[in-house]
Amino acid sequence: MTSRKPVTDWRYLPIAVGVIGGSLLMVNRLLTAELTPSQSRSDVVGVLLSALLILTGLLWQQFQPKPPEAVVLEGEAGFELAPGLSEAVQRELTWASELLLNQTPTRSLVVWYGQRVILRRGILGPQADWVPGAIGQRVLQTQRPVYLVDAKLYPGRVEFDVLPPNTQGIICQPIGSAGVLLLGANAPRSYTKQEEAWISAIAAKLDQTLSLNPSPKEGEGL
């Protein structure tokens, strides 16, 4: 699995330079016995520049919010496929899960289809089976995904015990009318709109393959 490289936080640099510059001007002013008119004008310009730098740093805080901190998900890494899947389905699930784990913030994923879990990959949660709760049922009924951007703020996250307990962000994506793709991230607010659209396209591709290759052992999960 790949991880996003941390970005050096330069947002505090203008604030630090402004504070240091203003402090040096104040020290210089206090240590000067007799001020000249030119020095007074220079001090005014220096104070204005320091204030401008501090204001710039504060504005950067608003326009460049600090990225959310990632955590180490609790659980062991694994790759589990349900028995009875056709070779075509196994290939499709392997391809899709590898793509999602390597090209999106996803660190744990589950595919539930035909009333059973047919794939778990990444960091595995404590439960191998999953029964759709209120959120899962809504996703199946409306055929629209639900994104818990910061999972700890949603009481409904308890229905996703098939994912690691400290999962920070969860996407519950429908796979047609018979399945759900669960994606867990290790940081809140980690999926972009483009990644959400991409996940939707992959789910549609999975639905096409799964519907054309029904398993002979429906209902028998991991």
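Below or above, wherever it landed, is the structure these notes cover. (Residues numbered from 1 in each chain as written. Predicted model: local features only at pLDDT ≥ 70, side-chain atom pairs only at ≥ 80, totals over all residues. Heavy atoms only, no water.)

**Observations concerning the pattern of salt bridges**
Consideration 1: Overall, the coordinates contain four salt bridges when judged by the stated rule.
Consideration 2: Between E92 and K205 there is a salt bridge, with the nearest N and O atoms lying 2.7 Å from each other. Of this pair, E92 sits in helix α3 (residues 87–103) while K205 sits in helix α5 (residues 193–212), and the two are 113 residues apart along the sequence. (Salt bridge = Lys/Arg side-chain N within 4 Å of Asp/Glu carboxyl O. Helix = DSSP H or I, 4+ residues; strand = E, 2+ residues; numbered from the N terminus.)

**Structural notes on helix α1 (residues 13–31)**
Consideration 1: The end-to-end C-alpha separation of α1 is 27 Å, in line with the 27 Å expected for 19 residues at 1.5 Å each.
Consideration 2: Restricting attention to buried positions, one finds in α1 the residues P14, I15 and G18. The arc enclosing the buried residues of α1, seen along the axis, measures out at 100 degrees, which places them on a common side. Along α1, the residues that are exposed and aim more than 90 degrees away from the buried face are I20, L24 and L31. (Expected span 1.5 Å × (residues − 1). Buried < 20%, exposed > 50% of the residue type's maximum accessible area, 1.4 Å probe, protein only. Arc of directions from axis to C-beta.)

**Details of the packing of α3 against α5**
Consideration 1: Relative orientation of the contacting elements α3 and α5 amounts to 170 degrees, with a least axis distance of 10 Å. Comparing the axis directions of α3 and α5 gives the class roughly antiparallel. Contact residues: α3 offers A88, V89, E92, L93, W95, A96, L99, L100 and Q103, while α5 offers E195, W198, I199, I202, K205, L206, T209 and L210.
Consideration 2: Considering only residue class, the contact of α3 with α5 consists of twelve nonpolar, two polar and three charged. (Axes fitted to C-alpha atoms, helices over the stretch in contact; angles between N-to-C directions. Parallel < 35°, antiparallel > 145°, perpendicular 65-115°, else oblique. Contact = heavy atoms within 4.5 Å. Nonpolar A, V, L, I, M, F, W, Y, C, P; charged D, E, K, R; others polar.)

**Observations regarding the side chain of N166**
Consideration 1: Assignment of secondary structure puts N166 in the loop between β4 (146–148) and β5 (169–175).
Consideration 2: Of note is the side chain of N166, whose polar atom sits 2.9 Å from the backbone oxygen of V72.
Consideration 3: Discounting chain neighbours no more than four positions away, the residues touching N166 are V71, V72, L73 and E74. (Polar contact = N/O pair within 3.5 Å; in protein donor to acceptor, adjacent residues only side chain to side chain.)

**Observations regarding the nonpolar core**
Consideration 1: Judged by nonpolar contacts, the single largest core of 24 residues is most densely connected at L93, V111, I118, I175 and L183.
Consideration 2: If you list the elements that add at least two residues to this core, you get α3, β2 (106–113), β3 (117–123), β5, β6 (179–185) and α5.
Consideration 3: Residues W112, V117, I170 and C172 belong to the second largest nonpolar core, which totals 17 residues. (Core = buried A, V, L, I, M, F, W, Y, C linked by side-chain atoms within 4.5 Å.)

**Description of the packing of aromatic side chains**
Consideration 1: A full pass over the atoms with the stated rule returns three aromatic pairs.
Consideration 2: Measuring from ring centre to ring centre gives 5.8 Å for W112 and W130, while their planes differ by 90 degrees; the resulting arrangement is edge-to-face. Pair noted here: W112 is in strand β2 and W130 is in the loop between β3 and α4 (134–142), with a separation of 18 residues, a long-range link.
Consideration 3: Residue W112 is classed as buried on the basis of its relative accessible area, which comes to 3%.
Consideration 4: Ring geometry for W130 versus F160: centroids 6.2 Å apart, planes at 15 degrees, classification stacked. With W130 in the loop between β3 and α4 and F160 in the loop between β4 and β5, this pair connects stretches of sequence that are 30 residues apart.
Consideration 5: Relative accessible area serves as the criterion here: at 3%, W130 is assigned to the buried category.
Consideration 6: The structure contains a cluster of three or more aromatic residues connected by ring pairs, namely W112, W130 and F160.
Consideration 7: One Lys or Arg, R121, reaches over the ring of F79 and ends 4.2 Å from the middle of that ring.
Consideration 8: Here the guanidinium or amino end of K205 rests over the ring plane of W95, the centre of that ring lying 6.0 Å away. (Phe/Tyr/Trp six-rings, centres within 6.5 Å; stacked < 30°, edge-to-face > 60°. Lys NZ or Arg CZ within 6 Å of the ring centre and 35° of its normal.)

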